[in-house]
Amino acid sequence: MSLTIVVKIGTSSLTQPETAQLALSTIATLAETLCHLRRQGHRVILVSSGAVGVGCARLGLTERPKAIALKQAVAAVGQGRLIRVYDDLFNTLQQPIAQVLLTRSDLVQRSRYLNVYNTFQELLGLGVIPIVNENDTVAVEELKFGDNDTLSALVASLVEADWLFLLTDVDRLYSADPRSVPDARPIALVSNIQELVKSQIQTSSQGSQWGTGGMVTKISAARIAIAAGVRTVITQGRFPQNIEKIIQGELIGTHFEPQPEPTSARKRWIAYGLVPTGKLYLDEGAIAAISLAGKSLLAAGIKAIEGEFDTQDAVQLCDSNGNEIARGLVNYNSNELQKIRGYHSREIATILGYAGAETVIHRDNLVLT
């Protein structure tokens with residue numbers, strides 16, 4: 001059976017930790033593995049970090065730049081070198097590739113989101129392996145994916161992949177950082193990601209010297225992917241050949257079981273494609289209504305509002321402690337909501353002086369996160 005497989009490899013796996021020079025043996029093994037998967041009839045997408053790290057090495061920089069403009073300039077230097085290496089390796093194996101550079105705004109607008117989807121489908125239909133990275137050279141800070149773990153999960157969700165592999169510098173998820181806690185407990189299977197979060201597993205939020213990711217970003221990425229029905233695996237990036245073993249049934253790395261009933265594509269776009277511009281704090285009755293009864297959000301259940309937003313913008317719905325419960329598209333802007341929050345829907349026309357929507361967020365535009 002043909003599978004759609006998304007593989008994300010991080011900077012820590014692609015480069016030598018001391019020098020940031022490319023780890024060519026790892027990249028060559030990765031290319032051979034992905035080509036073998038293609039020859040078996042599978043559809044393969046590679047999400048590759050490394051542009052900034054490679055740019056640093058090319059320019060002789062001793063640490064990853066922090067200023068956004070310098071980072072973008074370094075990424076422009078590194079991206080050309082990185083794709084050249086990939087093209088040489090895949091060309092030797094007679095496998096066509098394509099460079100796909102994305103920004104968060106490509107997924108924010110629904111029309112562009114669908115266009116990205118169509119482009120991936122055409123490339124995969126042609127037998128091409130798309131190599132995806134964030135377009136660091138033009139991305140602005142407030143519209144960045146932030147890390148390629150998130151980007152890979154969004155791509156896997158977009159194409160409705162069967163597998164997402166997050167290749168990193170540790171072999172699996174642990175109860176604590178095994179590099180500093182020798183008796184950290186390995187975790188082979190996560191069937192309930194909420195329970196994982198509640199158990200307060202100690203995970204590093206820091207990536208390597210040259211990368212941006214950490215285990216926290218990988219768990220967040222897994223949450224996005226499994227909501228789309230994508231089985232997600234965290235495993236050692238130095239051994240890309242393990243991907244085939246895992247697909248064949250070996251329990252290598254940490255597996256995140258997908259949701260049995262994936263969220264619809266449109267609701268996934270609302271939940272993860274859009275960038276929230278505000279927060280609504282809800283009372284317990286409203287939280288129960290939307291999370292347990294599947295109802296729309298009404299003005300009466302809103303206790304407080306944070307941020308400035310317009311009609312049809314995405315917002316986060318939170319409990320009184322600020323924990324996110326859901327996301328949705330609002331039928332009122334922030335100024336209107338400040339006036340009507342806490343009031344019954346029948347009072348809205350009197351308060352605003354004109355008739356508005358009965359719901360603040362209709363259940364069709366609301367998704368639990």
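Throughout, a residue's number is its position along its own chain's written sequence, starting from 1. Two thresholds apply to this predicted model, a pLDDT of at least 70 for residue-level local features and 80 or more for giving and counting side-chain atom pairs, whereas whole-chain, interface and lining totals are computed over all residues. As a rule here, side-chain values come from all non-hydrogen atoms in the structure, and water together with hydrogens is ignored.

Q: Honestly, the environment of isoleucine 234 in this entry has me stumped. Any pointers?
A: A run of DSSP states H or I qualifies as a helix once it reaches four residues; a run of E qualifies as a strand once it reaches two. Both are numbered from the N-terminal end. Counting through the fold element by element, isoleucine 234 comes out in strand β9 (residues 231–236). Residues isoleucine 234 and glycine 10, spaced 224 residues apart in sequence, show a C-alpha to C-alpha distance of 11 Å. Two residues form a contact once any of their heavy atoms are found within 4.5 Å. Apart from the residues within four sequence positions on either side, isoleucine 234 is in contact with Leu166, Thr168, Asp171, Arg172, Met215, Lys218, Gly253, Thr254 and Phe256.

Q: I tried to follow the confidence of the model for the chain on my own but got confused; where do I start?
A: If pLDDT is low for a region, its predicted coordinates should not be looked at in detail. Confidence of the predictor at the level of single residues is captured by pLDDT, which takes values from 0 to 100. Counting all residues, the mean pLDDT for the chain is 88, and 91% of those residues have values of 70 or more. Note on residues 204–213: pLDDT is under 50 here. Beyond four places in sequence and across chains, it has 32 contacts.

Q: Explain the UniProt feature "binding site: substrate" (unreviewed entry) in the chain here, please?
A: Following the UniProt record, one finds the feature "binding site: substrate" (unreviewed entry) at Ser49, Asp136 and Asn148. Every residue in contact with serine 49, bar those within four places of it in the chain, is listed here: Lys8, Ile9, Gly10, Thr11, Leu14, Leu82 and Asn148. UniProt positions are given in the numbering used here, feature names are shortened, and annotations may be inferred rather than shown by experiment.

Q: In this structure, what is going on with the layout of surface pockets? I would like to understand it.
A: Leftover empty space is mapped by rolling, across the atoms, a probe with the size of a water molecule. By volume, the second largest pocket amounts to about 480 Å³. Both site types are read off a 1 Å grid over the protein atoms alone. A 1.4 Å probe that fits but cannot get out defines a cavity, while an open set with protein on both sides within 12 Å along at least five of seven lines defines a pocket; lining residues have an atom within 4 Å of a point. As for the second largest pocket, its lining consists of 16 residues, of which Ser220, Arg223, Tyr272, Glu324 and Arg327 are closest to the centre. Counting residues per element, the lining of the second largest pocket draws most heavily on helix α9 (residues 215–227), which supplies three residues. Amino acids outside the nonpolar list (Ala, Val, Leu, Ile, Met, Phe, Trp, Tyr, Cys, Pro) and the charged list (Asp, Glu, Lys, Arg) are all regarded as polar, and Gly is one of them. Residues that form the lining of the second largest pocket fall into these classes: seven nonpolar, five polar and four charged. Grid points are joined across faces, edges and corners, and a volume is the space filled by probe spheres set on the points.

Q: Help me understand a nonpolar patch on the surface, please; the structure alone is not making it clear to me.
A: Residues enter patches when their relative accessible area tops 30% and they take part in no salt bridge; the joining distance is 9 Å for like charges and 5 Å for the nonpolar side chains Val, Leu, Ile, Met, Phe, Trp and Tyr. For the accessible areas, the method is Shrake-Rupley and the probe is 1.4 Å, while residue cover comes only from the protein chains on display. Take a side-chain nitrogen of Lys or Arg and a carboxyl oxygen of Asp or Glu: if they are within 4 Å of each other, that pair is a salt bridge. Side chains of Leu59, Leu61 and Val77 sit close together on the surface and give an oily, nonpolar patch of about 210 Å² of accessible area. Among the secondary structure elements, leucine 59 is positioned in helix α3 (residues 51–59). Assessed through its relative accessible area of 45%, leucine 59 is described here as partly exposed. Residue exposure (1.4 Å probe, protein chains only): buried if accessible area is under 20% of the type maximum, exposed if over 50%, otherwise partly exposed.

Q: Sorry if this is basic, but what is going on with the side chain of threonine 217 here?
A: The residue threonine 217 is located in helix α9 in this model. Residue threonine 217 is classed as buried on the basis of its relative accessible area of 15%. Leaving out residues up to four positions away in the same chain, threonine 217 has contacts with Asp147 and Asp149.

Q: Looking at this structure, how should I read the nonpolar core?
A: Soluble globular proteins tend to pack their nonpolar side chains together in the buried interior. Nonpolar cores were defined as sets of buried Ala, Val, Leu, Ile, Met, Phe, Trp, Tyr and Cys residues, with membership established by side-chain atoms within 4.5 Å. Counting 49 residues, the largest nonpolar core has Val6, Ile45, Phe120, Val132, Val155, Leu164 and Phe256 as the members making the most contacts within it. Those elements that place two or more of their residues in this core are β2 (43–48), β3 (97–102), α6 (110–125), α7 (148–158), β5 (163–168), α9 and α11 (265–273). Top contributing element to this core by residue count: α9, with eight residues. Setting aside residues no more than four positions away along its own chain, leucine 164 makes contact with Val6, Ser152, Ala153, Ala156, Ala225, Val230, Arg231, Thr232 and Val233. Membership of the second largest hydrophobic core comes to 30 residues, among which are Ile9, Leu22, Trp163 and Phe165.

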